[in-house]
Amino acid sequence: MSEKEPVAHLNLFDLLLLLVKWRLLFIVNFFLVVIVAVIVALTLPVWYSSNAVILPPSGGGGGIPSFLPSDLKGVAANFGLDIATDEIYQTVLSSRTLKEAICKRFNLREVYKIPDELFFEDVVESFNGHYSLTTRKDNAIVIEIEDKDPERSADIANACIDELDRIYRNITSETARKNRTYIGKRLQRVNDSLSLLQDSIVSFQKTTNAISIPDQTIAMIHAASDIKAQQMANDVKLDVMRNNLGQNHPMVEQLQLMSEELESQYDRMISGQEGGLFIGLQELPELGRKYADIIRRVRVQSSLLEFIYPQYESARIQEERETANVQILDRAVVPNYKTRPARKLIVMVSGALSVVVTLVIVLILEYTFSLSKKNEEDWKKVQKIINTFRIGHKNG
């Protein structure tokens, strides 16, 4: 058995010698690959990209949705709990509703050559591959559309903004309508209650003549009524916020705690547990208690009316708004240059890869040829492997 020779390490000069020795193979492979790459690059479809940019809501990257009544926006700001409207923009822009509207508007099934037997979801999926959203450091949202037709790419990008504005306006208008309906019903109940209570006062005074209530009790009634009105007004805010934001939102939890605290404070005041200046209504004579109770209820409903009516007007105005919600920084324009294919890059990378692959092939060939002269044992192993493949190929 022949002794194995130590493995020689290739250096720069060895590689240069290989390049000179096999130069014909390198040149032929290089030009063949480059020619094929040029043909492929020239036959690939040309795509154009167009961008449209919209601004975040006024005041930065977040803001209270416009469908909330103005007073509730102030409540949210007081809690320091902004709802990021740019996140709502992102949600709408990523929605199936918007994408389907765009696909139908521009007949993208025909543009992407998708057969009629395939589902419309396949059209939307194809559109997703040419549609992207990014948020810049200044929180502006960039809508990028890629298309083979440069004019259509700009038209689709601008249409996305139009659809965003339409969908977002519908959402805000519908939510404002629900808010207006809910607050309007509460307003009607307050007016009805106030009317009945005022009639009760007149009837009670006619029946019992004048009843004198101590100034201390009047002060207690006014104070307690104001707290009760605050609690009921807070409950209205709580219901609106719960309907718009969900039960588990931090702002809803804060308003819930506030209502519980106001109710507890009111109960302590009515029962006389607050101490000091106030006495309990139970200590008044029976007629006095009835009269004080009517006065208290009138005071509560009057204070509640002062809160609800402006909110009703705010919700009504918000429902009727038709101005655009989306602020456009840059509308998309027709691009002058293609974005892909990068033909030069394709040719350059293909040429470089051909050199690398050819070098690997040359190294394998050189090593194989040297085995028959320098290492008979390994050469026999190589021949055995080759023969095995040949036999397997013949049997196949």
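Source: prediction; values computed, not measured.

### Examining the environment of Asp165
You can see Asp165 is positioned in helix H8 (residues 150–208). By relative accessible area, Asp165 is classed as buried at 10%. For Asp165, the side chain forms a polar contact with the main-chain nitrogen of Val326, separated by 3.3 Å.

### Quick word on the pairing of strand E3 (residues 141–147)
Burial analysis of E3 places six of its seven residues in the buried class, which makes it a mostly covered element. As paired strands, strand E1 (residues 48–54) and E3 are joined by seven bridges and run antiparallel to one another. Counted as the bridge partner of Tyr48 is Asp147 from E3. Pairing between strand E2 (residues 131–135) and E3: five bridges, direction antiparallel. Looking across to E3, one finds that Thr135 is bridged to Ile141. Linking E2 to E3, which pair antiparallel, is a turn of five residues; within it Asn139 sits at a positive phi near 75°.

### What about the packing of helix H5 (residues 96–105) against helix H7 (residues 120–128)?
Here H5 crosses H7 at 95°, and the two axes come no closer than 10 Å. The angle between the axes of H5 and H7 places the two elements in the roughly perpendicular class. Note on element contacts: H7 touches H5 through Phe120, Val123, Val124, Phe127 and Asn128, opposite Lys99, Glu100, Ile102, Cys103 and Lys104. Grouping the amino acids of the contact of H5 with H7 by side-chain chemistry returns six nonpolar, one polar and three charged.

### A short note on the side chain of His130
Structurally, His130 is set in the loop between H7 and E2. His130 sits in the buried class, given a relative accessible area of 15%. Not counting the four nearest positions on each side in its chain, His130 is found in contact with Trp47, Tyr112, Glu144, Ile145, Glu146 and Arg340.

### Considering the nonpolar core
Core analysis: the biggest nonpolar cluster contains 30 residues, and Leu98, Ile102, Leu108 and Phe127 have the highest contact counts within it. A per-element tally of this core places H8 first, with nine residues. Here Leu98 is in contact with Val92, Leu93, Tyr131, Cys160, Glu163, Leu164 and Ile167, once residues within four sequence places are set aside. Within the second largest apolar cluster, eleven residues are counted, among which are Leu187, Ala233, Val240 and Leu304.

### Some remarks on the packing of aromatic side chains
Within this structure, the stated rule accounts for three aromatic pairs. Ring centres of Phe30 and Phe31 lie 5.6 Å apart, and the angle between their planes is 85°; on these two criteria the pair is classed as edge-to-face. When its relative accessible area of 30% is taken as the criterion, Phe30 is described as partly exposed. On the basis of relative accessibility, which here comes to 49%, the residue Phe31 falls in the partly exposed class. Here the aromatic rings of Phe127 and Tyr131 are separated by 5.0 Å at their centres, their planes lie at 25°, and the arrangement is stacked. Neither residue differs from the other here; Phe127 and Tyr131 are each classed as buried. The ring of Phe120 is capped by Lys104, whose NZ or CZ atom sits 5.7 Å from the centre of that ring.

### A word on a nonpolar patch on the surface
On the surface, a nonpolar cluster with roughly 530 Å² of combined accessible area is contributed by Ile27, Phe30, Phe31, Ile35, Ile39 and Val355. For the nonpolar patch, the element with the highest residue contribution is helix H2 (residues 23–43), accounting for five residues. Within the fold, Phe31 resides in helix H2.

### A look at unusual backbone geometry
A positive phi angle, close to 55°, is found at Lys113, a residue other than glycine. Turning to its location among the elements, Lys113 is positioned in the loop between helix H6 (108–111) and H7. In this model, Asn139 sits at a positive phi of 75°, which is unusual for a non-glycine residue.

### Considerations on the environment of Glu87
Examined against the element boundaries, Glu87 turns out to sit in helix H4 (residues 85–93). Each C-alpha atom, one on Glu87 and one on Ile141, is 10.0 Å from the other, the two residues being 54 residues apart in sequence.

### Some thoughts on the confidence of the model for the chain
Low pLDDT marks regions whose predicted coordinates should not be analysed in detail. Of all residues in the chain, 70% have pLDDT values of 70 or greater, and the mean over the chain is 76. Contacts for the low-pLDDT stretch residues 59–64, under 50 throughout, to residues beyond four places or in other chains number 20 contacts. Scored below 50 in pLDDT, residues 69–83 shows 39 contacts in the model against residues more than four places distant or in partner chains.

### Topic: the environment of Ile183
Assignment of secondary structure puts Ile183 in helix H8. Accessibility expressed as a relative area gives 2% for Ile183, which makes it buried. The sequence separation of Ile183 and Ile308 amounts to 125 residues, and the corresponding C-alpha distance is 6.9 Å.

### Considering the sheet that holds strand E4 (residues 328–330)
If you walk across this open sheet you meet the four strands as E2-E3-E1-E4, and the pairing is antiparallel. Either end of the sheet is taken by a strand with one partner, and the two such strands are E2 and E4. With direction set aside, neighbouring strand axes in the sheet form an average angle of 25°.

### Here we look at the pattern of salt bridges
Scanning all chains against the criterion turns up seven salt bridges. A salt bridge links Arg96 to Glu100, with the shortest nitrogen-to-oxygen separation between them at 3.1 Å. One end of the pair is Arg96 and the other is Glu100, both in helix H5 and four residues apart, which spans about a single turn. Residue Arg96 is classed as exposed on the basis of its relative accessible area, which comes to 54%. With a shortest N-O distance of 3.1 Å, Arg331 and Asp162 are connected by a salt bridge. Linking Arg331 in the loop between E4 and helix H12 (343–374) with Asp162 in helix H8, this pair joins segments that are 169 residues apart in sequence.

Rules of the game
- Residues numbered from 1 in each chain as written.
- Predicted model: local features only at pLDDT ≥ 70, side-chain atom pairs only at ≥ 80, totals over all residues.
- Heavy atoms only, no water.
- Helix = DSSP H or I, 4+ residues; strand = E, 2+ residues; numbered from the N terminus.
- Buried < 20%, exposed > 50% of the residue type's maximum accessible area, 1.4 Å probe, protein only.
- Polar contact = N/O pair within 3.5 Å; in protein donor to acceptor, adjacent residues only side chain to side chain.
- Pairing = 2+ DSSP bridges.
- Axes fitted to C-alpha atoms, helices over the stretch in contact; angles between N-to-C directions.
- Parallel < 35°, antiparallel > 145°, perpendicular 65-115°, else oblique.
- Contact = heavy atoms within 4.5 Å.
- Nonpolar A, V, L, I, M, F, W, Y, C, P; charged D, E, K, R; others polar.
- Core = buried A, V, L, I, M, F, W, Y, C linked by side-chain atoms within 4.5 Å.
- Phe/Tyr/Trp six-rings, centres within 6.5 Å; stacked < 30°, edge-to-face > 60°.
- Lys NZ or Arg CZ within 6 Å of the ring centre and 35° of its normal.
- Patch = residues over 30% accessible without salt bridge, like charges linked within 9 Å, V, L, I, M, F, W, Y side chains within 5 Å.
- Areas by Shrake-Rupley, 256 points an atom, 1.4 Å probe, with all protein chains shown as cover.
- Salt bridge = Lys/Arg side-chain N within 4 Å of Asp/Glu carboxyl O.
- pLDDT = per-residue confidence, 0-100.

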